[in-house]
Each structure stands twice: as C-alpha cells, then as structure tokens.
Amino acid sequence: MSDSTLEILPSEMRACVYDASAPHGLTLKPLHKTPTSVSAPGRLYGYGNVVVKVHSFGVNPVDAKYIVGDKLPETWMDWCASRVTGHVPGFDFSGVIVKVPEGVDCGYKVGDEVFGLADDPTCISRRYMNGSFAEYISPPLNQIAPKPTSLTHAQAAALPLVGTTAVQAFWEHGLKSGQRVLIVGASGGVGHVAVQVANLQGAEVVAVCSGSNTEFVTGIGAKTVLDYREGDIFEKIKKNAEEFGAYDLILDCVNSADSRDQAASYKVNILKLGGSVVKRGSGVDSHNYIVLGGASLEWTQAAIKRFTKLNIFAANFELFWIKMPGCTPALELIKELCDREGGGGLKPNMSESEFSEENTRKAFETLRGRRTAGKIVLNIL
C-alpha cells in the first residue's frame, strides 16, 4: 500500500444502475467494476481525478427523471429511461479520498474528507456516466471541495447540486447584499438552500411556499413568507413589491416542463405584472427572473448560453443551467457558509436512510410523486 492509496480497492462494488426494465427504472448491481484509475490535472478531460469511498449520496429529481427527462416532454420518459440504461445515476456525494495521483500535488491526500459532484451528465453521450450511487467513485478534481467540518457526511451529501445551483445562479446574476430576492418554492430542495445562501450573504429574502412551512422558512432566513395556498398569490407578490420595492431578482424553483408546474403559471403571471414586481433595467441584470426548469425550447436556449455564452433569452427571463465542471469555488463557498464562525450557518433539511435497492427505488418514487420537502440522502454502511 503506497502513500497515494488509503486501502486496497476491491475489484467489484455495489452500485445502482439505470434499468428501463426494472421497477422505477433502477437496479442494484452487487458486482460492479470499481473505479481505480486516477490522473493529474490536464490528463482526464483536463481536470484530473481521485478515487473516493462514498459515505453518503443525495438523490435529486433530475436523477429520478433519468438525467435528460427533465428537459423533454413527459411523454418521452420511456425513451429517456432507455437512453441512460446501464449508467450509474447520481451527482451528490460525501466521502473519503482513498487514492490520489502519485508524484504530483493535486491539492488532496488520502484520508481527506470531501464532498461534491460525481460526474458531468454532458459526458454521457461519449461514455458511461459514473454517478454517486456507488460505494466508490472517481470525481473530477474541479468538482470537489473539503467537506464542511460542521456537517455529517449525510448532511454534506445533501448540498452539492442544490447548493451549487443557488450559488452559481446568484453569482451569475450579480445578487448583492441589501438587495431583495423572491424565492418561489422556498421549502423545496433548491429553494430552502437558496433562502439560506441569499440570507447569509446579506440579501432580503421573500419566500413563496405553503403556510405550513412558514416557521421553517423564516427560521432559515426568509424575512417574509407568502402562502400560495391562501388567497391570490400573485396579488400578494405584487402587494409586497409595491409596499417594499420591486425585487432585484426572482428565483423560481417550481417552474418546469411538468404539467403540474405549468398549471401554477408563476412565470406567466409574474412576468405579466411587469416592472412593479421585478426590476426592469436597474435590477441585478437584464435576465433577472430565473427558472430552474422549463420546456425543451428553453433548455435549448440555456444550452446555447452555456456552451457559447450567447444569451438569446427574452429580457427579464432566463432558464439557468448549472455548470458542474469548475464548480469547486461554489462548493468552497458552501463549506464557508456551513462552517460560519459562531454557528447559524447553512444546513440542509433532509431525510436519510440506508443504501439499498428498495430505498433507492423508494426515493425515486417519492421524488417523482413530489412528496418530499428538502433532500433525500442514502448512507452506505
């Protein structure tokens, strides 16, 4: 055993894989090849990588929708399942580094606790995705960071995807201390983390969620909670803006291609309200109504922006697409917010259970049925 390896890696491991013919599209394979190769930056896709023993991994709606399913019509779901069959799903993880490149300083050593994003789904067209639903993974170096010391592995595993989404969206659109942000879906996976990120960085947060979650959402930093189940929510949003000032930024964590979300019509109704609600011209930027899901055409526009930097969205609107490669700075900020001196830092709302085929399938079923608040995490014992 060398200094670059914490333990002798087994040749096979437990991992879940997408399986279009299995219940909920998922199968646990007790014998799956363990990743053992590592490389220095500049070799493997230019990023370099290490091997991590996974302690916990988070489950996200994008995982349950077969990675590409959230970007296509619901009627395409069976095709999406066949498209990713054989791939290991999952992005969020927290664990311990067990192997690093020899002869180079990659910034980490064996035994370091890290968290981050296991893979980049844009790579699946040319190779199998090696996601986090496995005992060992080989994440790129620029998609990991030291684990927050104030959190357990399970808590840390709940944060990478939702936290990076919130941080990158706020960075890209220039949210600053003292500005007002409206967060729609504030008690959900991305929403409850976005509330905390915005609040901890000095923004004033107005949250839209169910009244039953008012105490929770105000407890994590929202100044005001607007209950979408009581009265006309759009009238409430307008009245708040008229009384306290138009929002500099709106982050809509609900809008998606799902017919259940389209029925709510937040995007249509809020944009109709105009500059009295979301700032025009003098806001954070010219695309300051941000959604995290939408129709296929909007995902195409988001892809054009992501890969060419050309923004063709109409003014005051944009679908945001997370950038996984190079997300380490966002993860480092998440760690800093979690480990804030004096306590009171970022902390996820989550449920956790043991890694098994049954529990992973149950997580998918729960997420597809949208019967969860916060995040679902599975622990590998």
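Note: the structure precedes this text.
Just so it is clear, the model here is predicted, and its values are computed rather than measured. (Residues numbered from 1 in each chain as written. Predicted model: local features only at pLDDT ≥ 70, side-chain atom pairs only at ≥ 80, totals over all residues. Heavy atoms only, no water.)

1. Some points on unusual backbone geometry
- Not every positive phi belongs to a glycine, and H24 is a case in point at roughly 60°.
- Mapped onto the elements of the fold, H24 is located in the loop between strand 1 (12-18) and strand 2 (26-33).
- The exposure class of H24 is partly exposed, given its relative accessible area of 31%. (Helix = DSSP H or I, 4+ residues; strand = E, 2+ residues; numbered from the N terminus. Buried < 20%, exposed > 50% of the residue type's maximum accessible area, 1.4 Å probe, protein only.)

2. Digging into the nonpolar core
- With 115 residues, the main nonpolar core has F170 and I237 as its most contacted residues.
- Contact partners of I237, with chain neighbours within four places excluded, come to L182, V208, L226, Y247, I270 and V277. (Core = buried A, V, L, I, M, F, W, Y, C linked by side-chain atoms within 4.5 Å. Contact = heavy atoms within 4.5 Å.)

3. A few points about the side chain of Q155
- Among the structural elements, Q155 can be located in helix 3 (residues 153-157).
- For Q155, the contacting residues outside a window of four places in its chain are S150, K347, P348 and M350.

4. Observations concerning the side chain of D252
- With respect to the helices, strands and loops of the structure, D252 is situated in strand 11 (residues 249-252).
- Buried and unpaired, D252 has no salt bridge, with K267 as the nearest side chain of opposite charge at 9.0 Å.
- For D252, the side chain forms a polar contact with the main-chain nitrogen of V254, separated by 2.9 Å.
- Discounting residues that sit within four places of it in the chain, D252 has contacts with V184, Y266, K267, Y289, I290, V291 and L292. (Lys, Arg positive; Asp, Glu negative; His and termini not counted. Salt bridge = Lys/Arg side-chain N within 4 Å of Asp/Glu carboxyl O. Polar contact = N/O pair within 3.5 Å; in protein donor to acceptor, adjacent residues only side chain to side chain.)

5. Some remarks on the pairing of strand 9 (residues 204-209)
- Taking burial as the measure, the six residues of strand 9 include five buried ones, the bulk of the element.
- Pairing analysis gives five bridges linking strand 8 (residues 180-184) to strand 9, with the strands arranged parallel. Each residue of the ladder has a partner; that of R180, found in strand 9, is E204.
- For the crossover that starts at strand 8, traverses helix 5 (residues 189-200) and ends in the parallel strand 9, the hand is right-handed.
- Strand direction decides the pairing type here: strand 9 and strand 10 (residues 224-227), joined by four bridges, are parallel. Along strand 10, the bridge assignment pairs C209 with D227.
- Between the parallel pair strand 9 and strand 10, the chain is carried across by helix 6 (residues 214-219), and the sense of this crossover is right-handed. (Pairing = 2+ DSSP bridges. Right-handed = clockwise from strand over helix to strand, strands pointing away.)

6. Topic: the environment of S21
- With respect to the secondary-structure elements, S21 resides in the loop between strand 1 and strand 2.
- By relative accessible area, which is 67% here, S21 ends up exposed.

7. Focus: the pattern of salt bridges
- Applying the stated criterion to the full structure yields 13 salt bridges.
- Here D248 ties to K279 by a salt bridge, and the two come within 3.0 Å at their closest N and O atoms. With D248 in the loop between helix 7 (233-244) and strand 11 and K279 in the loop between helix 9 (266-273) and strand 12 (289-291), the pair connects residues that are 31 residues apart, well separated along the chain.
- Between E357 and R361 there is a salt bridge, with its nearest N and O atoms 3.5 Å apart. One end of the pair is E357 and the other is R361, both in helix 12 (residues 357-369) and four residues apart, which spans about a single turn.

8. With respect to the packing of aromatic side chains
- Tallied over the entire structure, the rule returns nine aromatic pairs.
- An angle of 55° between the planes, with centres 6.2 Å apart, marks the rings of F133 and F364 as tilted. In this pair, F133 is assigned in the loop between strand 5 (113-117) and strand 6 (136-137) and F364 in helix 12, connecting sequence segments 231 residues apart. Just as F133 is buried, F364 falls in that class too.
- Between the aromatic rings of F307 and W321, the centroid separation amounts to 6.2 Å while the plane-to-plane angle is 80°, which identifies the pairing as edge-to-face. Pair noted here: F307 is in helix 10 (residues 296-308) and W321 is in the loop between strand 13 (318-319) and helix 11 (328-338), with a separation of 14 residues, a long-range link. (Phe/Tyr/Trp six-rings, centres within 6.5 Å; stacked < 30°, edge-to-face > 60°.)

9. Points about the sheet that holds strand 9
- One open sheet accounts for six strands, arranged 10-9-8-11-12-13; its pairing is parallel. Edge positions in the sheet fall to strand 10 and strand 13, since each has one partner strand and no second.
- The pairing of strand 8 with strand 11 spans four bridges and is parallel. Following the sheet pairing, V181 is matched in strand 11 by L249.

10. Describing the packing of helix 4 (residues 160-172) against helix 5
- Between helix 4 and helix 5, the least distance of the axes is 8 Å, while the angle of their chain directions is 50°. With respect to each other, helix 4 and helix 5 are oriented oblique. Between helix 4 and helix 5 the crossing geometry is right-handed. Contact residues: V162, G163, T165, A166, V167 and F170 in helix 4; G189, V190, V193, A194, V197 and A198 in helix 5.
- Its residues assigned to classes, the contact of helix 4 with helix 5 comprises nine nonpolar, three polar and no charged. (Axes fitted to C-alpha atoms, helices over the stretch in contact; angles between N-to-C directions. Parallel < 35°, antiparallel > 145°, perpendicular 65-115°, else oblique. Left-handed = near helix turned anticlockwise from the far one by under 90°. Nonpolar A, V, L, I, M, F, W, Y, C, P; charged D, E, K, R; others polar.)

Everything listed here is a matter of geometry and, on its own, says nothing about what the molecule does.
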